[in-house]
Amino acid sequence: MEFTNEPLILSINKAARKIKKRETSSLYNSLRSIYEDSAFVAEIGGLWPDLPLVANLRCGLWYMPKFDATCYFKSTDGHQNNWSFSTARLNLHLALLSGHRGGCIIVDSTRKGKRFPDSMSKTIPIWCCVLNWAIYNHLQRTRGAQEEGHSINSDWDTSLHLPSWVPQTEKAAIESLLPKWINEFESCGADISSLVHALKKPLRPLWISQSTLIWLNEVPSHQSWDFTPVILVSASGQDGLVKQMVQAEFSWRYIPGAGDDEESWARGLTPDMFWKNAFRIMDAGPEACNRMVSEIVERERVYRTQRGENVPQVKVAVAKFMSSKELGLQVNDSSGVYSINDANLVDSKGVFWIGSTCIAVASILDISDESVDFDCMLNCDASAMVSVSMSSDAYLNLPILSSKIDRFSLYRSLPSAVNFAKFQLLRGKRMLICCQNGEDISICVSLAILTCLFDESGNFDGGESFKRKSLTKWEMRKRLVFICNFAIKARPSRGNLKQVFGFLTSEEEH
């Protein structure tokens, strides 16, 4: 009989992979790596203190206790042969912020063995180039460009700036797609005129990692550049450099890009929870870390449960229609594009009013009785029960689950949501739509409502225009862009958007 050791070899290899996975997913290793990398991010932020610090969701949010803003650029939009410019993630608030502040610093990281994630290597550079071209074309089409304070000659840079490690063949392939992306952006209903007013210099990405050599006595002022800098900071060291850190009490293993893929290691901990308890967690060491994090997460869960039972106490407000002037809007009657003048669209508690539609979106956790100024509420959160002091016909709870848990939960709830919205809006009521984070489900519900009950200019017509017009994905995308002009934190998931489109097309058939 012939014996073989192949099963033994396979089991050893499998065990080795498990050991490596366990090391790289260790909670303390991840949190300690993030904590160490945050010092580098703070150092870069200190070189240009006037520029806002922006976290690219979700990984970037781990690397500092506080950010001035967030953005959402996906690495998949920059993967080779999958390059894309997403009109669902326009991040126009970032361009406006950069124009007003003279630039920005975006923080992200990756575990993929690269210095920079593809979101920074290609997605953001593509975004900068498309926006620069759109502004240039707008100025070319508009007379009096010099009166706007712009130069429309060759000084306005419309080049695609990619890092040196991206091959020229890949750059050429991306450049061949630019005309299509520029056309999509210009025709999706985005407010390009607001970009023209905000950006006096073209956007241009710059890349900084822990391997970047910076002469501290020669750091240029961002105002000296002839472009608006979008400084891309990759927070972590390279994957090839394995560090085993040893302290007096314990040792730990450095993980590059530790903030990535938080579902696999964070155990319910959020960046906000982490930074509120960072010093205690770091001092606890690997042995006590898991227990301490469990206690923090449980304490937060109990606190939120109590909030869900007791607040918000929603008070019935006198019905009031907010005019475009009150909302800080200018309406271009010829194009149907809404322009944002100021921050009046967002109240102090993070409620985002969608133009003059009398519809607002928010996180259920951001609502309190001091700031409530609406007549009815559509609560889409599946976990928080809200105590309301209003009539039963002014409140509807639809516990909608994430598309990752239930692929049809949103689809099944949309008929009730649209009927409730129609009933309220016909009576001139101001409606709040809320979900757990105010970024996904509430956005998708408002998208379905605006598509079914409003015309292309954002005027309520009870669904008359929807009955007359055949809906395409592009038309739905334009409505989403309209919403994102106001709800700047919107991050609708692809699974939920598919459910909205499925619902809208099924309604057309009835």
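Please read these numbers as outputs of a predicted model, since none were measured by experiment.

A.B. asks: How should I be thinking about the packing of aromatic side chains in this particular structure?
C.D. replies: Remark: the centre distance and the inter-plane angle together describe each pair of aromatic rings, the angle taken between the planes. For the structure on display, the rule yields 13 aromatic pairs. Taking the centre distance of 5.7 Å and the plane angle of 75° together, the rings of phenylalanine 85 and phenylalanine 185 count as edge-to-face. Within this pair, whereas phenylalanine 85 is found in the loop between strand S2 (69-71) and helix H3 (92-101), its partner phenylalanine 185 is found in helix H5 (residues 168-187), the two being separated by 100 residues in sequence. Judged by its relative accessible area of 0%, phenylalanine 185 falls in the buried class. One cation-aromatic arrangement involves arginine 204 over phenylalanine 227; the distance from NZ or CZ to the ring centre is 5.3 Å. The positively charged end of lysine 473 is found above the aromatic ring belonging to phenylalanine 501, 5.6 Å away from the centroid.

A.B. asks: Got a minute to help me understand the pairing of strand S12 (residues 359-363) in this structure?
C.D. replies: Here is the key point about a regular strand: its side chains alternate between the two faces of the sheet. Most of S12 sits inside the fold, with 5 of its 5 residues counted as buried. Turn length for the strand S11 (residues 352-353)-S12 hairpin, with the two strands adjacent in sequence and antiparallel, is 5 residues, and the turn residue glycine 355 shows positive phi of about 55°. The pairing of S12 with strand S16 (residues 431-435) spans 5 bridges and is parallel. Looking at S16, one finds that alanine 360 is bridged to leucine 432.

A.B. asks: Would you take a moment to explain unusual backbone geometry for this structure?
C.D. replies: It is generally the case that most residues other than glycine have a negative phi and that most peptide bonds are trans. Omega for the peptide link from leucine 57 to arginine 58 comes to 0°, which places this bond in the cis form. Here arginine 58 lies in the loop between strand S1 (53-56) and S2. Its identity as a non-glycine residue notwithstanding, asparagine 81 has a phi of 65°, on the positive side. Turning to its location among the elements, asparagine 81 is positioned in the loop between S2 and H3. Its relative accessible area of 66% is what places asparagine 81 among the exposed residues. Despite not being glycine, arginine 267 has its phi angle at roughly 55°, a positive value. Inspection of the secondary structure assignment puts arginine 267 in the loop between strand S7 (251-253) and helix H7 (271-276).

A.B. asks: So what exactly am I meant to see when it comes to the sheet that holds strand S15 (residues 395-397) here?
C.D. replies: The strands making up a sheet associate through backbone hydrogen bonding, with each pair oriented either parallel or antiparallel. Taken in spatial order, the 5 strands make up an open sheet running S11-S12-S16-S13-S15, and their pairing is mixed. Because the sheet does not close on itself, it has two edges, and the strands there are S11 and S15. Two elements, S11 and S12, share 2 bridges in a ladder whose sense is antiparallel. Bridge pairing in S12 links tryptophan 353 to alanine 360. The sheet strands contacting helix H10 (residues 409-426) are S12, strand S13 (376-379), S15 and S16, and the helix crosses S13 at an angle near 170°.

A.B. asks: What is the right way to read the sheet that holds strand S3 (residues 104-108) from this model?
C.D. replies: One open sheet holds the 5 strands; their spatial order is S2-S1-S3-S5-S4, and the pairing between them is parallel. Two strands lie at the open edges of the sheet, namely S2 and strand S4 (203-208), each paired on one side alone. The average angle at which neighbouring strand axes cross in this sheet is 30°, direction not considered. In terms of strand pairing, S1 meets S3 through 3 bridges, oriented parallel. Across the sheet, the residue bridging to leucine 53 is isoleucine 105, located in S3. The strands that H3 touches are S1, S2, S3, S4 and strand S5 (228-234); relative to S2, the one it contacts most, it runs at about 135°.

A.B. asks: Would you explain the state of the cysteines in this entry?
C.D. replies: Covalent bonding between the sulfur atoms of two cysteines is what defines a disulfide. One pass over the structure, following the stated rule, counts 0 disulfides. The structure places no disulfide on cysteine 376, whose sulfur is separated from the nearest cysteine sulfur, that of cysteine 358, by 9.5 Å. On the basis of relative accessibility, which here comes to 0%, the residue cysteine 376 falls in the buried class. With no disulfide of its own, cysteine 380 has cysteine 435 as its nearest cysteine by sulfur position, at a separation of 6.7 Å.

A.B. asks: Which parts of the structure should I look at to understand the side chain of threonine 451?
C.D. replies: Relative to the helices and strands, threonine 451 resides in helix H11 (residues 441-453). A polar contact is formed between the side chain of threonine 451 and the backbone oxygen of leucine 447, at a distance of 2.7 Å. Threonine 451 has contacts with Phe466, Leu471, Arg479 and Leu504, leaving out every residue within four places of it along the chain.

A.B. asks: What should I look at first to understand the packing of H11 against helix H13 (residues 473-484) in this one?
C.D. replies: Each pair of packed helices can be summarised by the angle the axes make with each other and by the distance between the axes. Running from N to C, H11 and H13 cross one another at 120°; their axes reach a closest spacing of 10 Å. It follows that H11 is oblique to H13 by the angle criterion. Handedness of the H11/H13 crossing: right-handed. Here Ile443, Ser446, Leu447, Leu450 and Thr451 of H11 lie close against H13, whose contacting residues are Met476, Arg479, Leu480, Phe482 and Ile483. Among the residues forming the contact of H11 with H13, the class breakdown is 7 nonpolar, 2 polar and 1 charged.

A.B. asks: Looking at this structure, how should I read the environment of glutamate 36?
C.D. replies: Inspection of the secondary structure assignment puts glutamate 36 in helix H2 (residues 27-47). For glutamate 36, a relative accessible area of 35% corresponds to the partly exposed category. Considering only alpha carbons, one finds glutamate 36 and alanine 235, 199 residues apart in sequence, at a separation of 9.7 Å.

A.B. asks: I keep staring at the pairing of S13 and nothing clicks. Help me out?
C.D. replies: Side chains of S13 alternate between two faces, with Cys376 and Leu378 and Met377 and Asn379 buried alike. Relative to S16, S13 runs parallel, the two sharing 4 bridges. Each bridged residue has a counterpart across the sheet, and for leucine 378 the counterpart in S16 is isoleucine 433. Relative to S15, S13 runs parallel, the two sharing 3 bridges. Opposite asparagine 379, over in S15, you have asparagine 397 as the bridge partner.

A.B. asks: Any chance you could explain the environment of leucine 160 here in plain terms?
C.D. replies: One can find leucine 160 in the loop between helix H4 (118-141) and H5. For leucine 160, a relative accessible area of 3% corresponds to the buried category. Discounting residues that sit within four places of it in the chain, leucine 160 has contacts with Pro125, Ile126, Cys129, Lys171, Ile174, Glu175 and Leu178.

Calculation rules
Residues numbered from 1 in each chain as written. Predicted model: local features only at pLDDT ≥ 70, side-chain atom pairs only at ≥ 80, totals over all residues. Heavy atoms only, no water. Phe/Tyr/Trp six-rings, centres within 6.5 Å; stacked < 30°, edge-to-face > 60°. Helix = DSSP H or I, 4+ residues; strand = E, 2+ residues; numbered from the N terminus. Buried < 20%, exposed > 50% of the residue type's maximum accessible area, 1.4 Å probe, protein only. Lys NZ or Arg CZ within 6 Å of the ring centre and 35° of its normal. Pairing = 2+ DSSP bridges. Contact = heavy atoms within 4.5 Å. Axes fitted to C-alpha atoms, helices over the stretch in contact; angles between N-to-C directions. Disulfide = S-S within 2.5 Å. Polar contact = N/O pair within 3.5 Å; in protein donor to acceptor, adjacent residues only side chain to side chain. Parallel < 35°, antiparallel > 145°, perpendicular 65-115°, else oblique. Left-handed = near helix turned anticlockwise from the far one by under 90°. Nonpolar A, V, L, I, M, F, W, Y, C, P; charged D, E, K, R; others polar.

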